[in-house]
Amino acid sequence: MSRLTKAAAAVAATAAISLLASACTGQSSGSANDDASKDVTITFWHGWTAPNELKAINDNVARFEKAHPNIHVKVQGNITDDKINQALRAGGSKAPDVVSSFTTDNVGQFCSSGSMTDLAPFLAKDKIDPAATFPKPMLEYTQFDGKRCTLPLLGDAYGLYYNKKAFAAAGITAPPKTLSEFKADAVKLTKTKGDSYSQLGYMPNFHGYESTTTHLAAQWGVKYFDANGKSQVAKDPGFTAMFNWQQDMVKSLGGFGKLEKYRNTFGDEFGAKNPLQTGQVAMGIDGEWRLGMAKDAGMNDLGVAPFPVPDDQASTYGKGYLSGTIIGIANTSSKKNAAWELVKFMTTDTDAVVSFANAIHNVPSTLAALKSPKLDADPGFKTFLDIAQNPDSTTTPPSINGGAYQLTLQDFGYAYESGKSKNLSSGLQGVDTQVDKDIAQAK
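Residues numbered from 1 in each chain as written. Predicted model: local features only at pLDDT ≥ 70, side-chain atom pairs only at ≥ 80, totals over all residues. Heavy atoms only, no water.

J.: I'd like a rundown of the state of the cysteines, residues and numbers included.
T.: In this structure the tally under the stated criterion is 1 disulfide. Each sulfur of the disulfide joining Cys 111 and Cys 149 lies 2.1 Å from the other. Between Cys 111 and Cys 149, the S-S dihedral sits near -90°, and the bridge is therefore left-handed. Here Cys 111, found in helix H3 (residues 107–113), pairs with Cys 149, found in the loop between helix H6 (136–140) and strand S6 (151–163); they are 38 residues apart in sequence, far enough to count as distant. Here the two residues Cys 111 and Cys 149 agree in accessibility, since each one is buried. (Disulfide = S-S within 2.5 Å. Helix = DSSP H or I, 4+ residues; strand = E, 2+ residues; numbered from the N terminus. Buried < 20%, exposed > 50% of the residue type's maximum accessible area, 1.4 Å probe, protein only.)

Pasting the structure below:
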């Protein structure tokens, strides 16, 4: 989840684009027959809430309206995915025309249900080549089963945060690049205090905020599904390797119980007392947004680097897990052509993407914007831009039932690290069985 060409001189001519509408969505004409050159008001729902985020959205909408004086945009923020899904099902005059979501996991549901409009005809009409416009991982998480019903609207890249003062005190001169180096540094940076810690090198428990099964597994380049769409976490050696590495880190840093007790002293992940910002942990995995949050909290000692990779994949150092925000058109909208003009502007106008990225400290979502000289020149931010462009960076694939497969893996991770589940091999086989069952039921 994120926290996360100049505008056309004239509005494109009206185009009647036939679109298939799912019977399970709200009342929809199933086509884009509106005249986008006439005076029209469209509604845009999004989830941002912070003052700087709202200002950034509104500034971009104002730029759009200046370039498209006949299209007026009614913006509504702080909209959850649950509310979006309810509105997409219900349709009607109060439903949104354009929606944005932080949850890429829902793309499979959006596309397969027909609740979001297929954008391929719109892209083709305006001669926009997605592969030449957006980074590959972002293209992957904005489509499902051959249908592109969303586009990327800024992205998130995950990397290593480390406390530069703690590194200097421990005599560590550079961030680790391999997981063996990472382990050695984490042990060296850990300082015990009675039955707890005064400083922990790294929190390996899966509840440790961003140290989730999916974020970590990306460093092994794992594949969740085989060519037939069947879950293969028990077959892909990367998952076994990730769990074994995590267990080794847990044991090396004091054991699950001791670590969990210390974790319960952490402040809110998105507040000023995040453990990276208080110095309670010396290293951690987190997204690019942490740069701005740490600075706002008065923490100026955090360095950033790509998260370390397995020793046998040292040549892939620089990669990381990617996610981001998505945007699309409600299939119930009767103003799809006008809505497309806003979606196109927000996702492909380089100045719009760059200004938005700079304002809310998220990764730009187009190849042109990633190379723009107008991008924030902060070297820490550039680290995440490089991760986003690394060809070995990956994301979690969309599924027909959203992120259910990720939750199944995550729940097993909690059970395994706590000792409730003792056999890794059979546990991962159980994950595969449950994931396949859940997907079959969702079809």
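There's plenty left to go through after this.
J.: Help me get a handle on the packing of aromatic side chains, residues and values and all.
T.: One pass over the full model with this rule turns up 24 aromatic pairs. Ring centres of Tyr 162 and Phe 167 lie 4.7 Å apart, and the angle between their planes is 40°; on these two criteria the pair is classed as tilted. The buried category is assigned to Phe 167, whose relative accessible area is 3%. For the ring pair Phe 412 and Tyr 416, a centre distance of 5.6 Å and an interplane angle of 25° mean the geometry is stacked. Taken together, the residues Phe 412 and Tyr 416, both in helix H18 (residues 404–418) and 4 residues apart, mark about one turn of the helix. Taken together, Phe 182, Tyr 202, Trp 220, Trp 245 and Phe 307 form an aromatic cluster joined through their ring pairs. Cation over ring: Lys 83 sits above Trp 45, and NZ or CZ is 5.8 Å from the ring centre. Against the face of Tyr 197 rests Lys 258, its NZ or CZ located 4.8 Å from the ring centre. (Phe/Tyr/Trp six-rings, centres within 6.5 Å; stacked < 30°, edge-to-face > 60°. Lys NZ or Arg CZ within 6 Å of the ring centre and 35° of its normal.)

J.: If you had to explain helix H8 (residues 179–189) to someone new, which residues and values would you point to?
T.: Turning to H8, its buried residues number three or more, namely Leu 179, Phe 182, Asp 185, Ala 186 and Leu 189. In a view along the axis of H8, the buried residues occupy a sector of 120°, so they form one face of it. Where H8 is buried, its residues contact S6, helix H7 (164–170), strand S7 (191–193), strand S8 (196–202), helix H10 (237–252) and strand S9 (281–287). (Arc of directions from axis to C-beta. Contact = heavy atoms within 4.5 Å.)

J.: Give me the lowdown on the pattern of salt bridges, citing residues and values where you can.
T.: Within this structure, the stated rule accounts for 12 salt bridges. As a salt-bridge pair, Asp 195 and Lys 261 come within 3.2 Å of each other at their nearest N and O atoms. In this pair, Asp 195 sits in the loop between S7 and S8 while Lys 261 sits in helix H11 (residues 256–263), placing the two residues 66 residues apart along the sequence. For Asp 195, a relative accessible area of 52% puts it in the exposed group. Between Asp 286 and Arg 290 there is a salt bridge, and its shortest N-O distance comes to 2.9 Å. (Salt bridge = Lys/Arg side-chain N within 4 Å of Asp/Glu carboxyl O.)

J.: Break down the side chain of Asp 236 for me, citing the residues and quoting the values.
T.: Tracing the sequence through the fold places Asp 236 in the loop between helix H9 (213–217) and H10. No salt bridge is formed by the buried Asp 236; the nearest opposite charge belongs to Lys 223, separated by 7.6 Å. There is a polar contact of 2.8 Å between the side chain of Asp 236 and the backbone nitrogen of Lys 223. Excluding residues within four positions of it along the chain, Asp 236 makes contact with Val 222 and Lys 223. (Lys, Arg positive; Asp, Glu negative; His and termini not counted. Polar contact = N/O pair within 3.5 Å; in protein donor to acceptor, adjacent residues only side chain to side chain.)

J.: Report on H11, specifying residues and quantitative values.
T.: The periodicity of an α-helix, 3.6 residues per turn, causes residues three or four positions apart to be oriented the same way. Looking at H11, one finds that the buried residues are Leu 259, Glu 260, Tyr 262 and Arg 263. Down the axis of H11, the smallest arc covering the buried residues is 160°, so these residues share one side. Facing away from the buried side of H11, by more than 90 degrees, are the exposed residues Gly 257 and Lys 261. Buried residues along H11 sit against S8 and H10.

J.: Mind laying out unusual backbone geometry, listing which residues take part and the relevant values?
T.: The phi dihedral of Asn 78 is positive, around 60°, even though this residue is not glycine. With respect to the helices, strands and loops of the structure, Asn 78 is situated in the loop between strand S4 (71–76) and helix H2 (81–90). Notably, Tyr 209 is not glycine yet its phi reads approximately 65°, a positive angle. Along the polypeptide, Tyr 209 turns up in the loop between S8 and H9.

J.: Lay out the nonpolar core with the relevant residues and their values.
T.: In this structure, Phe 44, Tyr 202, Tyr 224, Phe 243 and Trp 340 are the most contacted members of the largest nonpolar core, which totals 124 residues. Here the element with the most residues in this core is S6; it accounts for 8 residues. In contact with Trp 340, not counting residues within four places along its chain, are Leu 119, Phe 122, Leu 123, Lys 125, Asp 126, Ile 128, Leu 151 and Ile 329. (Core = buried A, V, L, I, M, F, W, Y, C linked by side-chain atoms within 4.5 Å.)

J.: Can you explain the pairing of strand S11 (residues 322–329)? Please cite residues and give values.
T.: Taking burial as the measure, the 8 residues of S11 include 8 buried ones, the bulk of the element. As paired elements, strand S5 (residues 98–101) and S11 share 4 bridges and run antiparallel to each other. Looking at the pairing, Val 98 lines up with Ile 329 of S11. In this sheet, S11 lies alongside S6 in antiparallel orientation, the contact comprising 5 bridges. Across the sheet, the residue bridging to Leu 151 is Ile 327, located in S11. (Pairing = 2+ DSSP bridges.)

J.: Which residues make up the packing of H18 against helix H19 (residues 424–442), and what values go with them?
T.: For the pair H18 and H19, interaxial distance at closest approach is 9 Å and the crossing angle is 155°. Classified by the angle between their axes, H18 and H19 sit roughly antiparallel to one another. Here the hand of the crossing between H18 and H19 comes out right-handed. Contact with H18, carried on its side by Tyr 405, Thr 408, Leu 409, Phe 412 and Tyr 416, involves Leu 424, Gly 427, Leu 428, Val 431, Gln 434, Val 435 and Asp 438 of H19 and no other residues of that element. Taken together, the residues of the contact of H18 with H19 sort by class into 8 nonpolar, 3 polar and 1 charged. (Axes fitted to C-alpha atoms, helices over the stretch in contact; angles between N-to-C directions. Parallel < 35°, antiparallel > 145°, perpendicular 65-115°, else oblique. Left-handed = near helix turned anticlockwise from the far one by under 90°. Nonpolar A, V, L, I, M, F, W, Y, C, P; charged D, E, K, R; others polar.)

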